[in-house]
Amino acid sequence: MIRFSDFLQPARIRLSISSTRKREAIKEIANILDGTPEIVDRERFLKDIFEREAVEATGIGNGVAVPHARTDAVKELVIAVGRSEHGIEFGAVDGKPVRLIFVMGTPRANVTDYLKILAQLSRVVRCPGCLEKVIAATEPEEIIKVFRALEEP
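These remarks concern the structure in this document.

Rules and cut-offs
- Residues numbered from 1 in each chain as written.
- Predicted model: local features only at pLDDT ≥ 70, side-chain atom pairs only at ≥ 80, totals over all residues.
- Heavy atoms only, no water.
- Buried < 20%, exposed > 50% of the residue type's maximum accessible area, 1.4 Å probe, protein only.
- Helix = DSSP H or I, 4+ residues; strand = E, 2+ residues; numbered from the N terminus.
- Contact = heavy atoms within 4.5 Å.
- Salt bridge = Lys/Arg side-chain N within 4 Å of Asp/Glu carboxyl O.

## Some remarks on helix 1 (residues 22-31)
The set of residues buried in helix 1 consists of Ala25, Ile26, Glu28, Ile29 and Ala30. Turning to helix 1, the residues buried within the fold contact strand 1 (13-14), helix 2 (42-55), strand 5 (78-88) and strand 6 (98-106).

This is the structure in structure tokens:
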């Protein structure tokens, strides 16, 4: 079974991003993935994310955004996470600023896993107390631990 936590790595989680605007925040978080084996073409990856974002804002509510793209710029599903201390205007469905940003990319051919991962992420967003734990985390490993706990049978 594919699990969201399997794609989270401490080095790909930034607990405090400096960007205060949506576009810059996406770039800052995507930059975490520079040099990773999953990324084939970083510029194309960003371009595809911004094109997707122009179609529909990815602020899903409760202070979470998931800028993402199905793109040939990645070889396999990849995720980077950034947290904003004060929140960023993201055009979220609930109108609230975004504190947690999950930048994701998946190959165009890998839609099934991608949809499963998005569904698992949405469970955390709806889970009472889970988001608070992610926002309060002092180490990247704590964020991974929250996701793993939700995935346990």
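Past the structure itself, the notes keep going.
## Quick notes on the pattern of salt bridges
Applying the stated criterion to the full structure yields nine salt bridges. Here Glu43 and Arg42 are joined by a salt bridge, their closest N and O atoms 2.5 Å apart. Look at Arg42 and you get partly exposed, because its relative accessible area is 25%. Between Arg52 and Glu56 there is a salt bridge whose closest N-O contact spans 3.9 Å. We classify Arg52 as partly exposed; its relative accessible area is 26%. Judged by relative accessible area, Glu56 falls into the partly exposed class, the value being 48%. Sharing partners across several salt bridges, the network here consists of Asp34, Arg42 and Glu43.

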